[in-house]
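Structural description and commentary
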Amino acid sequence: MLSKEIRNHFPILNQEINGHPLVYLDSAATSQKPRQVIEALSNYYNLNNSNVHRGVHTLGNRATDEYEGAREKVRKFINAKSTEEVIFLRGTTTALNTVAQSYGRANVEEGDEIVITYMEHHSNIIPWQQLAKEKGAVLKYVDLEEDGTLSLEKVREVITDRTKIVSIMYVSNVLGTMNPIKEITEIAHAHGAVMVVDAAQAAPHLKIDVQLLNCDFLAFSGHKMCGPTGIGVLYGKKALLNNMEPVEFGGEMIDFVGLYESTWKELPWKFEGGTPIIAGAVGLGAAIDFLEEIGLDHIERHEHELAGYAMERMSEIDGLTIYGPLDPEKRAGLVTFNLNDVHPHDVATVLDMNGIAVRAGHHCAQPLMKWLDVSATARASFYVYNTEADVDRLVDGLRIAKEYFNDVY
Amino acid sequence: MSTNNLDQLYRSVIMDHYKNPRNKGVLADNTVTIDMNNPTCGDVIHLTLQVENDIVQDAKFEGEGCSISMASASMMTQIVKGKHVDEAGKLAHVFSDLMLGKELDDSIDLGDIEALAGVAKFPARIKCATLAWKAMEKGVGNDSDTTD
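My aim in this report is to walk through the structure given alongside it, one point at a time.

Glancing now at the overall build of chain A. In terms of helices and strands, chain A carries 13 helices and 17 strands. Against the compact-globule benchmark of 22 Å for 409 residues, chain A has a radius of gyration of 22 Å, which places it among compact chains. With the C-alpha coordinates of chain A rotated into their principal frame, the extents come out at 75 × 55 × 35 Å. Across the 409 residues that make up chain A, the buried fraction comes to 58%. Contacts in chain A between residues at least 24 apart in sequence constitute 71% of all its contacts with a sequence separation of at least 6.

Here the focus is helix α3 (residues 92-107) of chain A. An α-helical turn contains 3.6 residues, so any two residues separated by three or four positions project in the same direction. Taking 1.5 Å of rise per residue, 16 residues should cover 22 Å, and α3 of chain A covers 21 Å from first to last C-alpha, within 8% of that figure. Buried within α3 of chain A are the following residues: Thr92, Ala95, Leu96, Thr98, Val99, Ala100, Ser102, Tyr103 and Gly104 of chain A.

Attention now goes to the sheet that holds strand β17 (residues 377-381) of chain A. Residue and element names in this part refer to chain A. Read across the open sheet, the four strands follow the order β13-β14-β17-β16; overall the sheet is antiparallel. Across the chains shown, the open sheet's two edge strands, defined by having one partner strand only, are β13 (320-323) and β16 (359-361). The average angle at which neighbouring strand axes cross in this sheet is 30°, direction not considered. Pairing analysis gives four bridges linking β13 to strand β14 (residues 334-339), with the strands arranged antiparallel. By the bridge assignment, Ile322 is partnered in β14 with Phe337. The strands touched by helix α11 (residues 344-353) within the sheet are β14, β16 and β17, with β16 carrying the most contacts at an inclination of about 160°.

On to the interface of chain B and chain A. With 24 residues of chain B in contact, the opposing surface of chain A contributes 22 residues. For the pair chain B and chain A, the two sides together bury roughly 1,900 Å², of which 62% comes from carbon and sulfur. Linking chain B with chain A are two salt bridges. On the surface where chain B and chain A come into contact, there are nine residue pairs in polar contact (both at pLDDT 80 or more). Elements supplying a minimum of two residues to the side of chain B that touches chain A: α1 (6-9), α2 (12-19) and α3 (67-80) of chain B. Its residues assigned to classes, the side of chain B that touches chain A shows 12 nonpolar, seven polar and five charged.

With respect to the element layout, Ser27 of chain A can be found in the loop between β3 (23-24) and α1 (35-48). Those residues within four positions of Ser27 of chain A in sequence are excluded, and the remaining contacts are Ser381, Phe382, Tyr383, Tyr385 and Asn386 of chain A.

Residues and elements named next belong to chain A. Between Leu267 and the following residue, Pro268, the backbone shows a cis peptide bond with an omega angle of -5°. Within the secondary structure layout, Pro268 lies in the loop between β12 (262-264) and α9 (278-294). Of note, Asn214 is a non-glycine position whose phi angle comes to about 60°, a positive value. Within the secondary structure, Asn214 sits in the loop between α7 (210-213) and β9 (217-221).

The next point concerns the packing of aromatic side chains. Residues and elements named next belong to chain A. Per the counting criterion, the structure on display carries 13 aromatic pairs over all chains. Ring centres of Tyr118 and Tyr141 lie 5.1 Å apart, and the angle between their planes is 35°; this geometry places the pair in the tilted category. Of this pair, Tyr118 sits in the loop between β5 (113-117) and α4 (126-135) while Tyr141 is found in strand β6 (residues 138-142), placing the two residues 23 residues apart along the sequence. Through a chain of ring-to-ring contacts, the aromatic side chains of Phe10, Phe290, Tyr383 and Tyr385 assemble into a single cluster.

Counting through the fold element by element, Val74 of chain A comes out in helix α2 (residues 58-78). Taking the C-alpha atoms as reference points, Val74 of chain A and Gly285 of chain A, separated by 211 residues in sequence, lie 7.0 Å from one another.

Residue and element names in this part refer to chain A. Counting across every chain of the model gives 23 salt bridges over all chains. Its salt-bridge partner being Arg7, residue Asp390 comes within 3.0 Å of it at the nearest N-O pair. Taken as a pair, Asp390 in helix α13 (residues 388-408) and Arg7 in the segment before β1 (16-17) lie far apart in primary sequence, 383 residues in all. On the accessibility criterion, Asp390 (4% relative accessible area) is buried. Here Lys238 ties to Glu84 by a salt bridge, and the two come within 3.1 Å at their closest N and O atoms.

Of note, His362 of chain A is situated in the loop between β16 and α12 (366-372). Apart from the residues within four sequence positions on either side, His362 of chain A is in contact with His122, Met369 and Ser375 of chain A together with Pro39, Thr40, Cys41 and Gly42 of chain B.

Attention shifts here to the nonpolar core. Among the nonpolar cores identified, the biggest contains 80 residues, and Met314, Phe337, Leu394 and Leu398 of chain A together with Ile68, Trp133 and Met136 of chain B are the most heavily contacted of them. Residues within four places of Phe337 of chain A in sequence aside, it is in contact with Met314, Leu320, Thr321, Ile322, Tyr323, Val347, Thr377, Ala378, Arg379, Ala380 and Leu398 of chain A. With 78 residues, the next largest nonpolar core counts Tyr24, Ala70, Ile159 and Ala332 of chain A among its residues.

Among the surface-exposed residues, Glu305, Glu312, Asp327, Glu329 and Glu388 of chain A lie close enough to one another that they form a single negatively charged patch. Here Glu329 of chain A shows up in the loop between β13 and β14.

All names here are of chain A. Between the first and last C-alpha of α9 there are 25 Å, a value that for 17 residues agrees with the 24 Å anticipated at 1.5 Å per step. The buried fraction of α9 is high, at 14 of 17 residues. Just downstream of α9 lies Gly295, where phi reads positive at about 100°.

A few words on the sheet that holds strand β4 (residues 86-89) of chain A. Residue and element names in this part refer to chain A. Read from one edge to the other, the open sheet built from seven strands follows the order β4-β10-β9-β8-β7-β5-β6, with strand pairing classed as mixed. Each having just a single partner strand, β4 and β6 make up the two edges of the open sheet. Shown here is a sheet whose adjacent strand axes are inclined to one another by a mean of 20°, direction ignored. Of the pairings in the sheet, the one linking β5 to β6 comprises five bridges and is parallel in character. Note that in β6 the partner of Val115 across the bridge is Lys140. The sheet strands contacting α2 are β4, β9 and β10 (232-236), and the helix crosses β4 at an angle near 120°.

Reading the values: rules and limits
Residues numbered from 1 in each chain as written. Chains lettered and ligands numbered in written order. Predicted model: local features only at pLDDT ≥ 70, side-chain atom pairs only at ≥ 80, totals over all residues. Heavy atoms only, no water. Helix = DSSP H or I, 4+ residues; strand = E, 2+ residues; numbered from the N terminus. Rg over C-alpha atoms; globule rule 2.2 N^0.38 Å. Buried < 20%, exposed > 50% of the residue type's maximum accessible area, 1.4 Å probe, protein only. Contact = heavy atoms within 4.5 Å. Expected span 1.5 Å × (residues − 1). Pairing = 2+ DSSP bridges. Axes fitted to C-alpha atoms, helices over the stretch in contact; angles between N-to-C directions. Buried area = accessible area lost by both parts, 1.4 Å probe. Salt bridge = Lys/Arg side-chain N within 4 Å of Asp/Glu carboxyl O. Polar contact = N/O pair within 3.5 Å; in protein donor to acceptor, adjacent residues only side chain to side chain. Nonpolar A, V, L, I, M, F, W, Y, C, P; charged D, E, K, R; others polar. Phe/Tyr/Trp six-rings, centres within 6.5 Å; stacked < 30°, edge-to-face > 60°. Core = buried A, V, L, I, M, F, W, Y, C linked by side-chain atoms within 4.5 Å. Patch = residues over 30% accessible without salt bridge, like charges linked within 9 Å, V, L, I, M, F, W, Y side chains within 5 Å. Areas by Shrake-Rupley, 256 points an atom, 1.4 Å probe, with all protein chains shown as cover. Lys, Arg positive; Asp, Glu negative; His and termini not counted. Charge placed at Lys NZ, Arg CZ, Asp CG, Glu CD.

So this is what it looks like as structure tokens:
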């Protein structure tokens, strides 16, 4: 277990909500920010703020150094070969849309196939839906196993020689499932398809190694991993990125502009139109420092343990259903559940009145809700700052919810 | 841990409507059907109205959602029956004011609906309560249309 002292790095956690100390269990939606990240943002604005790659003045140089320094931190964090492969964008959604609109538009033709799964987040469904519609391509879904995992056998059945793109989430934001990305990438490559990884729920929690995974693209957001909102990363293999057209034109991505023809900067700036998200990148760099100081392996272990403890404690409650694999080793640190016939919004309100923040709803995964045959679920998601005591508070809160609704019914 | 303030939200009359919804179902001879959803949480409502001579003769609903959204739909269908479409539209505004915590005109008798006044203190739940009313408003404002 991680030290409880980690909590002290997060000023927001030190407050009462509705008369109770806050228990924040909605980190899969967005994580809280440690003091180090908040200070990095304020230092940047207080001391170094300037536009990058333009000014010849000192502040311009400092801002450029910080921005490009953050890129190097990200490169190391995901073990990319070069900083040319690390593109700063707004977040996972923008990154996936960029792949669909740039690589997808240029390489997918009528009758080609794009393969995703039933567990995908909307951000990894709709860009492909739109691309398929535009190109007359076929969007295919890999079905899930009973326990909410993916079987490589089914992946092999769905991917064919017509498949051009396979795009799958690394960790499910609902089921907590960790998918065998390396093996799926091998299958995709054997059929000549590129592999896109939605790592929004993976980057905060486990060590990502893009060279080991051998994926072609990988996307994640800063705000789910202790960084600020509005910054995210698209990783792409250099050879692919070099052959791709930008999707946003103007500002930082420009090389030379003529009256009727223009040229773009080289990688990675080619994809970073406008004034880049400088402070966001600086904040993300500070978040990476923070996470690496703790160690991603420690974070991953801590979350497995918390999820395991939560599932054990929650299964003491009669009538509570947990979705996704029941083996804590097969899942990341979140537990999605329903309590009897009490609607998850009602559960979430009772918990909120007791200072406990959870998510209730469809979690931007409506096809998965349909697959689970529920209209909504509640979700408790854990991060570095959560402890077993938080889980105990959750379980107490769930008992209160259950009793309360038993009484009022 | 406490449940005291929850009682402001979950009044027994709300729970009664949730457990025993009035006007549940689909009107076969409807003149208006409205499907609405709350995209942030997945609540859905399928509302059918029978409007003749600008009077809402009958109303039924089906849907999926939390206790607040379903109870609100049940109460809405109850009060709207027999009302002129203009009056029904006005009620939707009155309800919206209720959700904003505004003082209501004493001359308006909302019956069971007043139990939903406590929702105003739970900002995250206001959208749950207003879903059915938005559907009704759309229906009576646009009564020859079938929308989805």
